[in-house]
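These are the residues of each chain, in order.
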Amino acid sequence: MNFTMVVFYVLSAILIYSGVRVVTAKNPVHAVLYLVLAFFTSAGHWLLLESEFLAITLVLVYVGAVMVLFLFVVMMLDINIEKLREGFWRNLPVAATVGVIMMLEMSLILMSPQAGLAEFKAAAPLAADASNVKVLGHQLYTTYLLPFELAAMVLLLAMVAAIGLTMRSRKDTRVIDPALQVQVKREDRVRILKMDAEKPVEAAEPAESGEQQA
C-alpha cells in the first residue's frame, strides 16, 4: 500500500464521519460546520484524482460562498432544536432502509460490466502542462452537452420556483409589488411644501430687553 492509498482511506474515513455527523448533530450550526469539513475532504479526493480545477471550485464556491451563507442563515434564525428533532428516531428505520437500498443500487451499477470498473487500470500521469479546465470544457460541450443543458434547465426551474415561493404573500411579512414600484414617478416620492419665512431674530430682541428691564 503506497502513500496515495493511505491518504485516500484517511480522507474517506473523515468524509464518512462528517457526513454522518451532518445528519446526527443536534446543533444546526455544528451540522453546517461538519458539512464544510465534508466539502474540504471531497476536495482532497479531487486532488488525488489530479483534478485541481474541480477541487478549487469546490472549495471556493461551496465552502467559500454557499456554506458561509448557510451558516449565517442558520445562526440568524431562531430554530427550536428540540421540536426539530422530535420525529428523528421515529423516522430513522425508514431513512436507514432507504439509505441501504441506495447503497445497494449504486454498488450494482458500479460493479456491473457496463460500468467498466472491473477492468479498471490506473490512468497514466498527466503532463506538466496539462489543463484540467480545457479537458473539462471539451467534455462538457461535446460528449456531455445534452446532460449539461438538462442540468442547466433543472437549475433554472429550481431558481424560478425558489423566487415564486419567496414572493408569495404571507400575513407575517411585508410584500412589495415590483410592478407598482416601477410605476412610481419622481413627483410621487418628493413633495415640495411652500412655507412662510420665519421672523428675523433682530425684531424679537427689543421685546426681550424690555422684559428684562421690567
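These figures come from a predicted structure and were not determined experimentally.

Cut-offs used in this document
Going along each chain's sequence as written, the residues are numbered from 1 onward. Thresholds applied to this predicted model are a pLDDT of at least 70 for local features of residues and 80 or more for the giving and counting of side-chain atom pairs; totals over whole chains, interfaces and linings are not thresholded and use all residues. Hydrogens are left out, water is left out, and the side-chain values use all remaining heavy atoms of the structure. The axes are straight lines fitted to the C-alpha atoms, using for helices just the contacting stretch, and the angles between their N-to-C directions are given from 0 to 180°. Helix numbering and strand numbering both begin at the N terminus, where a helix is a DSSP run of H or I of at least 4 residues and a strand a DSSP run of E of at least 2. Orientation labels follow simple angle bins: below 35 degrees gives roughly parallel, above 145 gives roughly antiparallel, 65 to 115 gives roughly perpendicular, and whatever is left gives oblique. Note on definitions: a residue-residue contact is assigned when non-hydrogen atoms from the two residues lie within 4.5 Å. Only Asp, Glu, Lys and Arg are considered charged in this grouping, and only Ala, Val, Leu, Ile, Met, Phe, Trp, Tyr, Cys and Pro are considered nonpolar; every other residue, Gly among them, is considered polar. UniProt positions are given in the numbering used here, feature names are shortened, and annotations may be inferred rather than shown by experiment. Here, patches come from residues exposed beyond 30% relative accessible area and free of salt bridges, joined within 9 Å for like charges and within 5 Å for nonpolar side chains (Val, Leu, Ile, Met, Phe, Trp, Tyr). Each accessible area is a Shrake-Rupley result for a 1.4 Å probe, and residues are judged covered by the shown protein chains and nothing else. One speaks of a salt bridge when a side-chain nitrogen belonging to Lys or Arg is within 4 Å of a carboxyl oxygen belonging to Asp or Glu. Only buried Ala, Val, Leu, Ile, Met, Phe, Trp, Tyr and Cys residues count toward a nonpolar core, and they belong to the same one when joined by side-chain atoms within 4.5 Å. When a residue's accessible area, from a 1.4 Å probe over protein chains only, is under 20% of the maximum for its type it is buried; when over 50% it is exposed; and in between it is partly exposed. Between rings of Phe, Tyr and Trp, where Trp is taken as its six-membered ring, a pair exists when centres lie within 6.5 Å; planes separated by under 30 degrees are stacked, by over 60 edge-to-face, and by other angles tilted.

1. Quick word on the packing of helix α3 (residues 52-76) against helix α6 (residues 132-143)
- One can describe the packing of α3 onto α6 by two numbers: an axis separation of 8 Å at closest approach and a directional angle of 90 degrees. By the angle between their directions, the pair α3 and α6 is classed as roughly perpendicular. Residues E52, F53 and L54 of α3 form the contact with α6, whose own contacting residues are N132, V133 and L136.
- When grouped by side-chain class, the residues that make up the contact of α3 with α6 number 4 nonpolar, 1 polar and 1 charged.

2. Brief notes about the packing of helix α2 (residues 28-48) against α3
- Orientation of α2 relative to α3, taken along the N-to-C sense of each, is 175 degrees, at an axis distance of 9 Å. Relative to α3, the element α2 lies roughly antiparallel. Contacts between α2 and α3 involve P28, V29, V32, L33, L35, V36, F39, F40, S42, A43, W46 and L47 from the former and E52, L54, A55, L58, V59, Y62, V63, M67, F70, L71, V74 and M75 from the latter.
- Split by residue class, the contact of α2 with α3 holds 22 nonpolar, 1 polar and 1 charged.

3. Focus on the UniProt feature "transmembrane region" (unreviewed entry) in the chain
- If you check UniProt for "transmembrane region" (unreviewed entry), the listed places come out as residues 6-24, 31-48, 54-77, 89-111 and 144-165 in our numbering.
- Annotated as 100% helix and 0% strand, the span residues 6-24 places its first and last C-alpha atoms 27 Å apart.
- Within the segment residues 144-165, helix and strand shares are 95% and 0% respectively, and the terminal C-alpha atoms sit 32 Å apart.

4. Quick notes on a nonpolar patch on the surface
- Judged by side-chain polarity, M1, M5, V6, F8, Y9, V10, I14 and L37 come together as a nonpolar surface patch covering roughly 730 Å² of accessible area.
- Residue contributions to the nonpolar patch peak at 6 residues, all from helix α1 (residues 3-24).
- Take I14: it is sitting in helix α1.

5. A closer look at unusual backbone geometry
- In the Ramachandran plot, E50 falls in the positive-phi region, its phi being about 60 degrees despite a non-glycine side chain.
- Within the fold, E50 resides in the loop between α2 and α3.

6. Considerations on the environment of Y34
- Here Y34 shows up in helix α2.
- C-alpha of Y34 to C-alpha of L15: the two residues are 19 residues apart in sequence and 9.3 Å apart in space.
- Setting aside residues up to four positions removed in sequence, Y34 forms contacts with Y17, S18, R21 and V22.

7. Considerations on the nonpolar core
- Membership of the largest hydrophobic core is limited to 9 residues, which are V32, V36, F39, A43, A55, L58, V63, M67 and V74.
- Where this core is concerned, the elements lending two or more residues are α2 and α3.
- A per-element tally of this core places α3 first, with 5 residues.
- Those residues in contact with A55 that lie beyond four places of it in its chain are A43, W46 and L47.

8. Digging into the packing of aromatic side chains
- In this structure the tally under the stated criterion is 4 aromatic pairs.
- Where F8 meets Y9, the ring centres are 5.5 Å apart and the plane angle is 65 degrees; that geometry is what we call edge-to-face.
- Given the relative accessible area of 47%, Y9 is considered partly exposed.
- With a centroid separation of 5.3 Å and 45 degrees between ring planes, the pair formed by F39 and Y62 is classed as tilted. Here Y62 lies in helix α3 and F39 lies in helix α2, a separation of 23 residues in the sequence.
- Assessed through its relative accessible area of 18%, F39 is described here as buried.

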